[in-house]
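Coordinate inspection notes
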Amino acid sequence: MIASQSIARGLALLLTSISLAGCWDSKNPGYQGWVEADMIFVSPDEQGRVVKLNIREGDYVEVGMPLYAVDDDLQQAALNQSNATLANAQQAYDRAASLSKTGSGTQANFDSALAGLRVAEAQVNTSQTRLARRRMNAPIAGTIQQIYFREGETVPAQKPVVSILPPGNMKVRFFVPEPELPKLKVGEDVRVTCDGCASDLTAKIYFIATMAEYTPPVIYSLDERSKLVYLIQARPNKPDSLRVGQPVSIFTNGKTP
């Protein structure tokens, strides 16, 4: 009799544990999400032909490393013209200054020559900047994700030649239903799982949308409210462990069912 009671108690405890586990699964099934990234697109200010490509897709670049060069014939010619204009303006200013010292020149002529010199100096600076920007260096450290134009191809103005992915720009995006929204807050850590990922992968929530992705009729019902979902974005603690477009599962409170 005692043995039968012990077996019964054991079965009851087992059934209770299974029931609680199933209840936990239903309360915390996790959210389905995916990995995205904020790319840095590097483009020339003016149209030109790519004459030098210093990187390949997958390369890691540091700040200041050369990426590519675009033909600079027109910009070099503009700089030469600006330098010639500056030389003439400098001569005009020197004459006006000399005449002003001897009293032969007027203040108006001196002021005009000085203004012309300042304009010519500004034109030279602009031409130098335009010429320097034909050789683009990495504005940020990261991995080259894609090359859009190769050597010999003409790239339009402000069209990216390459895209760079800084590690800190990786993010996890997922949606939560409206009833679960109050349970999450900016700065909270969530657990991230995926096929072959590390077991200690987490992400910190940095954005919670203020507008729902689905808008029901004006008169809300309980059924309609449950259809509201809100976008949440989080930065992973190990961005190198994830890939753009990779599907992931997110669990709150650092727990998985």
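Here's what I pulled together on the structure shown here. (Residues numbered from 1 in each chain as written. Predicted model: local features only at pLDDT ≥ 70, side-chain atom pairs only at ≥ 80, totals over all residues. Heavy atoms only, no water.)

1. Some thoughts on the pairing of strand E12 (residues 202–208)
Regular strands place side chains that alternate from one sheet face to the opposite one. In this structure, strand E11 (residues 189–193) lies alongside E12, joined through three bridges in antiparallel fashion. Residue pairing in the sheet places arginine 191 in a bridge with threonine 202 of E12. Where E12 meets strand E13 (residues 229–236), five bridges bridge the pair, whose relative direction is antiparallel. Counted as the bridge partner of phenylalanine 207 is glutamine 233 from E13. (Pairing = 2+ DSSP bridges. Helix = DSSP H or I, 4+ residues; strand = E, 2+ residues; numbered from the N terminus.)

2. As for the sheet that holds strand E7 (residues 142–147)
Hydrogen bonds along the backbone pair up the strands of a sheet, which may run parallel or antiparallel. Across the sheet, four strands lie side by side as E2-E9-E7-E4; this open sheet has antiparallel pairing. Of all strands in the sheet, those with a lone pairing partner are strand E2 (40–42) and strand E4 (60–61), marking the two edges. Sheet analysis places E2 next to strand E9 (residues 162–165), joined by three bridges and oriented antiparallel. Paired with valine 42 across the strands is valine 162, a residue of E9.

3. A closer look at the sheet that holds E12
What the six strands build is a closed barrel, ordered E1-E10-E13-E12-E11-E14; its pairing is antiparallel. Between one strand axis and the next, the sheet turns through 45° on average, direction left out of account. Taken together, the four bridges between strand E1 (residues 31–37) and strand E14 (residues 247–251) define a ladder with antiparallel strand orientation. Paired with glycine 33 across the two strands is valine 248, which belongs to E14. (Axes fitted to C-alpha atoms, helices over the stretch in contact; angles between N-to-C directions.)

4. A look at the pairing of E11
As paired elements, E11 and E14 share three bridges and run antiparallel to each other. Each residue of the ladder has a partner; that of threonine 193, found in E14, is serine 249.

5. A few points about the packing of aromatic side chains
Throughout the structure, instances matching the rule amount to four aromatic pairs. Note on phenylalanine 41 and tyrosine 148: the rings are 6.4 Å apart at their centroids and 40° apart in plane angle, and the pair reads as tilted. Here phenylalanine 41, found in strand E2, pairs with tyrosine 148, found in the loop between E7 and strand E8 (154–155); they are 107 residues apart in sequence, far enough to count as distant. With a relative accessible area of 49%, phenylalanine 41 lands in the partly exposed category. With centroids separated by 5.6 Å and ring planes inclined at 40°, the aromatic side chains of tyrosine 93 and phenylalanine 110 adopt a geometry described as tilted. (Phe/Tyr/Trp six-rings, centres within 6.5 Å; stacked < 30°, edge-to-face > 60°. Buried < 20%, exposed > 50% of the residue type's maximum accessible area, 1.4 Å probe, protein only.)

Any link to function would need more than the numbers given here.
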